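# Fold and contact review
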Amino acid sequence: MNDSRVSDLFEFLRFPSVSTQSEHIVDMIACAEWLKNKFVNLGFQADVRQTGGHPAVVARTPHDPARPTVLIYGHYDVQPPEPLGEWKTPPFEPTIRDGRIYARGSTDNKGQILAHILGLGELLAANGALPANLVFLVEGEEEIGSDNLAGFLEEHRAELDCDVIVISDTGMAAHGYPTLTFSLRGIAALEFNVHGPTQDLHSGVFGGAVMNPATAAARLIASLHDEDGRVAIEGFYNDVRPMFDWEREAAAALPITDSDVCTLAGVSELAGEPGFTAIERVGARPTAEVNGMGGGYQGEGTKTVLPREAFAKLTFRLVPNQRPEDILRLVEAHLYARCPRGVRLEILPGHCGEPYYADPNSLYGRAALRALERVFGRKPALMREGGSIPIVTTFKKVLGADSLLLALASPDCYAHSPNENFPLENFFAGIRLSQAVIEEIGRLN
Ligand SMILES: [Zn+2]
């Protein structure tokens, strides 16, 4: 393919910038340097910054105080390519097949961030200036938890100050379907242990006279939901902001039906809170999930034992305006109140993350929607994702700015898997999208 933009992407993809493997430290640095040079060649001011971990690349245009400032975030690090044998072509030798670029990092996240860089470089070259101030932040630790990002943002808060953030690292609702993700769920995690007798007991000698910790744990787990599938913890739904009518309409308009979800999950029937579709339950309603449970004999055959302890690992996915710390308190009170007599309950609170919500009807949200519609020629889907993207809440906390999550990845992009790919049409759409979104935001002035 004789397009310099595609050859730029090929060069970018050839760096095995695997952040989790120390043998690739040199590749990480080389990749960051390559990016910096790309920025400079396109007319941006850019440098490679130390972070305490892998370096970040920061680039910008001259600051005009009369214009809004947009921070564009992405990452140049990639997941390990293993298992290598399952790739049809080598992961760091980009190959085009059927209109898609196959390479590790193509869809997560090199294809998208380079599309933004090239698109805005073209716009800058064509006009000499841009309708908004730009700050690019391309980090090298997204795939290993962005541990140094919050500190980096705090330290460079003044130069990273912005009005809004643009991120293309989410998935489209369907192939070719423009999608704005405007909400992410939060999370609260805890573990509990139920302690019974000082050691495992003979179930014939003691069974019936001593409370079984596994039975107690099962009762506690069962108490988390009512018969219909609603979470049965007192006060759990108190702070949940009900969906607006337009949100329910947007969810209904998504090209994903309950039966699609059923097929994807590989189950014969869906379950969950009554009165909501699967996509609403996942994106806009809070949940209580058992992620693991255990206790007692796990080996082959039968062992007539009354175990000395049992455990469960729970997470709660949360929606605005629930607060993780409040939910943990409610859950603890619920479990302590229901713990059967004769055993001792121990609760270990785990990690927390706030839910995220940015009104898509805000000025910036509407600008993003207009840009998506201009580029894709159809009305964008509005998605509330069930998962969490911690960097988005970090940005909100440290920089006080909302993120516009403009999806460019296809559902069958195989991010993190063998044969990761990025459709060329999404790459070119990303180039046009970065230009359109900056033009639309500039027009708000
Ligand atoms: Zn990833």
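Scroll up a little and you will see the structure.
This one's a predicted model, so the numbers in the text were calculated from it and none came from an experiment.

So, how was this worked out
Each residue is numbered by its place in its chain's sequence as written, counting from 1. Given that the model is predicted, a residue must reach a pLDDT of at least 70 before its local features are reported, and side-chain atom pairs must reach 80 or more before they are shown or counted; all residues, however, enter totals for whole chains, interfaces and linings. As a rule here, side-chain values come from all non-hydrogen atoms in the structure, and water together with hydrogens is ignored. The way it works is that DSSP assigns letters per residue, a run of H or I at least four long becomes a helix, a run of E at least two long becomes a strand, and they are numbered from the N terminus. Throughout, radius of gyration means the C-alpha value; the globule benchmark is 2.2 Å times the number of residues raised to the power 0.38. Remark: exposure states derive from per-residue accessible area (1.4 Å probe, protein chains only) relative to the maximum for the residue type, with buried under 20%, exposed over 50%, and partly exposed in between. Contacts are assigned to residue pairs that have any heavy atoms within 4.5 Å of one another. Counting rule applied: Lys, Arg positive; Asp, Glu negative; His and chain ends not counted. Where a charge lies is defined by one atom per residue type, namely NZ (Lys), CZ (Arg), CG (Asp) and CD (Glu). As a rule, N, O and S atoms within 2.8 Å of a metal are its donors, except that Na, K and Ca use 3.2 Å; water is not among the atoms, so sites may look incomplete. Irregular is the default label, applied whenever a site is not tetrahedral (four donors, all angles between 85 and 135 degrees) and neither square planar nor octahedral (four or six donors, opposite donors over 155 degrees apart, all other angles between 65 and 115). Buried Ala, Val, Leu, Ile, Met, Phe, Trp, Tyr and Cys residues form a nonpolar core when they are joined through side-chain atoms within 4.5 Å. Only centres within 6.5 Å qualify two rings of Phe, Tyr or Trp (six-membered ring in Trp) as a pair; their planes then separate them into stacked at under 30 degrees, edge-to-face at over 60, and tilted for everything else. Counting as a charge over the ring demands two things of the Lys NZ or Arg CZ atom: a distance within 6 Å of the ring centre and an angle within 35 degrees of the ring normal.

### With respect to the overall build of the protein
Check the secondary structure of the protein and you find twelve helices and 18 strands. Relative to the 2.2 N^0.38 estimate, which gives 22 Å for 445 residues, the radius of gyration of the protein is 25 Å and therefore close to what a compact globule would have. Seen through its principal axes, the protein has C-alpha atoms that stretch 85 × 50 × 45 Å. Classification of the 445 residues of the protein by burial places 53% in the buried group. Taking the intrachain contacts of the protein between residues at least 6 apart in sequence as the baseline, contacts between residues at least 24 apart amount to 80%. Across the protein, the mean location of the 39 positive side-chain charges is 3 Å away from that of the 58 negative side-chain charges.

### Remarks on the coordination of the zinc ion
Surrounding the zinc ion are the protein donor atoms Asp108 (OD), Glu143 (OE), Glu143 (OE) and His416 (NE2), at 1.9 to 2.6 Å. Coordination at the zinc ion comes from four donor atoms whose angles at the metal span 54 to 134 degrees, giving a geometry best classed as irregular. Site description for the zinc ion: donor spacing in sequence, D-x34-E-x272-H. Residue Asp108 is found in helix α3 (residues 106–127), and its partner Glu143 is found in the loop between β6 (133–139) and α4 (149–155); the two are separated by 35 residues along the sequence.

### Considerations on unusual backbone geometry
Residues Glu82 and Pro83 are joined by a peptide bond in cis, for which omega reads 0 degrees. With respect to the helices and strands, the residue Pro83 is situated in the loop between β3 (69–75) and β4 (95–97). Cis geometry marks the peptide bond from Pro320 to Asn321, where omega comes out at 5 degrees. In this structure, Asn321 sits in the loop between β13 (309–318) and α9 (324–338). We note that Asp98 has phi near 50 degrees; this positive angle belongs to a residue other than glycine. Among the secondary structure elements, Asp98 is positioned in the loop between β4 and β5 (100–102). Given the relative accessible area of 78%, Asp98 is considered exposed. Phi angles above zero are rare outside glycine, and Ser146 is one such case at about 50 degrees.

### Comments concerning the nonpolar core
Ranked by internal contacts, the top residues of the largest apolar core, which has 63 residues, are Leu35, Phe39, Val70, Leu134, Phe136, Leu406 and Phe427. At ten residues, the largest contribution of residues to this core is made by helix α12 (residues 424–443). Core analysis: the next-biggest nonpolar cluster, separate from the first, contains 30 residues, Leu190, Leu318, Val319 and Ile327 among them.

### A few points about the packing of aromatic side chains
If you walk through the whole model with that rule in mind, you get twelve aromatic pairs. Ring centres 6.2 Å apart and planes at 55 degrees place the aromatic pair Phe15 and Trp34 in the tilted group. Residue Phe15 is found in the loop between α1 (4–14) and α2 (25–41), and its partner Trp34 is found in helix α2; the two are separated by 19 residues along the sequence. Each of the two residues, Phe15 as well as Trp34, counts as buried. Ring centres of Phe244 and Trp246 lie 6.2 Å apart, and the angle between their planes is 20 degrees; on these two criteria the pair is classed as stacked. Directly above the aromatic system of Tyr102 lies the positively charged group of Arg97, at a separation of 4.0 Å from the ring centroid.

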